[in-house]
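The residues making up each chain are set out below.
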Amino acid sequence: MNAEILSVGTELLMGQIANTDAQFLSRGLNELGVNVFYHTVVGDNPGRLQRQLRQAWERSDLIVTTGGLGPTEDDLTKEAVAEFLGLPMELHRPTLEAMERYFQGIGRAMTPNNEKQAYFPKGCLVLDNPNGTAPGCIVEQEGRIFVVLPGPPRELNPMFENHVRPYLLRRGDAKITSRILHIFGMGESEAAYRLQTLIERQDNPTLATYVGQGDVLLRVTARTAPDEDPEQLLAPMVRQIEALLGDVVISDDNETLPEVVVRLLSNQEKTLACAESCTGGLLSSMIVDVPGASDVLLEGAVTYSNEAKMRRLAVPEAVLAQHGAVSEACARAMAEGMRRTSGADFALATTGIAGPGGGTPDKPVGLIYAALASDSGVTVETYHLKRDRALNRRTTALNALDMLRRHLLQKQP
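Note that the structure is a prediction, hence the values are computed from the model and not measured.

### Re a nonpolar patch on the surface
Together, Leu 13, Met 14 and Val 41 line one region of the surface with nonpolar side chains, adding up to about 290 Å² of accessible area. You can see Leu 13 is positioned in helix α1 (residues 10-13).

### Describing the environment of Pro 291
Within the secondary structure, Pro 291 is located in the loop between α11 (282-288) and β14 (297-302). For Pro 291, a relative accessible area of 75% puts it in the exposed group. Distance from Pro 291 to Val 262, taken between C-alpha atoms, is 8.7 Å for residues 29 residues apart in sequence.

### A word on the pattern of salt bridges
Evaluated as defined, the whole model comprises 15 salt bridges. In this structure, Arg 165 engages Glu 31 in a salt bridge whose closest nitrogen and oxygen atoms are separated by 3.1 Å. Of this pair, Arg 165 sits in helix α6 (residues 153-169) while Glu 31 sits in helix α2 (residues 20-31), and the two are 134 residues apart along the sequence. Here Arg 165 falls in the buried class, since its relative accessible area comes to 17%. A residue is classified by how much of its surface remains accessible, and Glu 31, at 32% relative accessible area, is partly exposed. Bridged by salt links that share partners, the residues Asp 247, Asp 402, Arg 405 and Arg 406 form one connected network.

### A look at the nonpolar core
Within the largest apolar cluster, 32 residues are counted, with the highest numbers of intra-cluster contacts made by Leu 265, Leu 272, Ile 287, Leu 348, Leu 401 and Leu 404. Listed by contribution, the elements that provide at least two residues to this core are α10 (257-267), β13 (272-276), α11, β15 (346-352), β16 (367-374) and α15 (389-411). Among the elements that take part in this core, α15 stands out by supplying 7 residues, more than any other. Apart from the residues within four sequence positions on either side, Leu 265 is in contact with Lys 270, Leu 272, Val 296, Phe 346, Leu 404 and Leu 408.

### Details of unusual backbone geometry
That bond from Asn 204 to Pro 205 is cis: its omega, 15°, falls within 30 degrees of zero. Relative to the helices and strands, Pro 205 resides in the loop between α8 (196-200) and β10 (206-211). The omega torsion of the bond from Gly 355 to Pro 356 falls at 0°, within 30 degrees of zero and hence cis. Within the secondary structure layout, Pro 356 lies in the loop between β15 and β16. In this model, Asn 254 sits at a positive phi of 65°, which is unusual for a non-glycine residue. As for its placement among the helices and strands, Asn 254 is situated in the loop between β12 (249-251) and α10. Owing to a relative accessible area of 44%, Asn 254 belongs among the partly exposed residues under this scheme. In this structure, Glu 269 is a non-glycine residue whose phi angle is positive, near 55°. Here Glu 269 is to be found in the loop between α10 and β13.

### Examining the sheet that holds β15
One open sheet accounts for 5 strands, arranged β14-β13-β15-β16-β17; its pairing is mixed. Both edges of this open sheet fall to β14 and β17 (377-384), since each of them pairs with a single strand only. Put simply, the sheet's adjacent strands are angled 10° from each other on average, direction ignored. Of the strands in this sheet, β13, β14, β15, β16 and β17 are in contact with helix α14 (residues 328-342), which crosses β15 at around 145°.

### Topic: the environment of Met 89
Among the secondary structure elements, Met 89 is positioned in strand β4 (residues 89-91). Overall, the relative accessible area of 26% leaves Met 89 in the partly exposed class. Each C-alpha atom of the pair Met 89 and Cys 124 lies 9.9 Å from the other, and the pair is 35 residues apart in sequence. Beyond its immediate sequence surroundings of up to four residues, Met 89 is in contact with Lys 78, Glu 79, Ala 82, Tyr 119, Phe 120 and Pro 121.

Each value, and the rule that gives it
Residues numbered from 1 in each chain as written. Predicted model: local features only at pLDDT ≥ 70, side-chain atom pairs only at ≥ 80, totals over all residues. Heavy atoms only, no water. Patch = residues over 30% accessible without salt bridge, like charges linked within 9 Å, V, L, I, M, F, W, Y side chains within 5 Å. Areas by Shrake-Rupley, 256 points an atom, 1.4 Å probe, with all protein chains shown as cover. Salt bridge = Lys/Arg side-chain N within 4 Å of Asp/Glu carboxyl O. Helix = DSSP H or I, 4+ residues; strand = E, 2+ residues; numbered from the N terminus. Buried < 20%, exposed > 50% of the residue type's maximum accessible area, 1.4 Å probe, protein only. Core = buried A, V, L, I, M, F, W, Y, C linked by side-chain atoms within 4.5 Å. Contact = heavy atoms within 4.5 Å. Pairing = 2+ DSSP bridges. Axes fitted to C-alpha atoms, helices over the stretch in contact; angles between N-to-C directions.

Dropping the structure here:
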């Protein structure tokens, strides 16, 4: 089955919101063995929408629309699909009654224009929307399937998972399953070079590399029959990748670096504290973003000034006077002080010059130190980054987490 996604909304064309719906749907359809060949965005214009529906009809078996299901006059997707297919719009009384109950429940009167959302193309399958007032629908005609979905992700995503996915599964003859591997400490070009032999002879499964948020992602994708176990194809490829790349593979199950670190700390019943200067709390924030962080993170301190480093972490004044805040000695003292005062099993510390200003010939922008303190001592790593301030901060935080990841793997039973 070949599909395209038709996103409706002038706000998408104007760049006021990002089209995350298309990304979500492409991934979901691909997992079902559906080939997504086109993404199209059209504004809230009846004529242009009709032309795009005609084009989609001519080249695709499955057309998924997003947006344009609201109560206002420019919400016209259902109406446009019905007109294109030559179907009248009919009132769906269960939807109208559900909308009336919804407004009663929130203590607001339902305005007359909301009733528009209860009309659908005749003969369609109505898709309930417990997360909003705009149900979706599915219409089949002459071998084509139109899936009409609301635009807000909090409504579209569960509607796809609960209704569209089962509907399409009943019609599919194949499924697509992917494993996402996260790589840290190696660039995309080097990873692709080391995997060149696998990439050149790939068939099923296939292998693709792309850049993530500070790491590199490898997607291994297998196409199987609906009742076939995809792991029979995926697992051997994953093992070959791990053998070729080594310990820069931080996860083979789509775990991010912070998620890996939290899992390892939790499994080993260890705790962490963070002392941050140049990262300004970003390192602690990455940990806190992971569910279960409260089991492993004791505290984080942003000790940006020299005074804070001395007062909170007991960094000796002599260290700052002799070596400066951006130094291996200061990073070491920050990590030692945080571990001692927090009582954590591990402490991470960061200090450096994030940029764009503040550099000197001896200490240029991008000079970063990260330290890890544990019961076996303190390790300090030096990094020379050449990026902008935001990327320097993010890369520093990730490098610090990777130091801890490697240490925890060595201690793993």
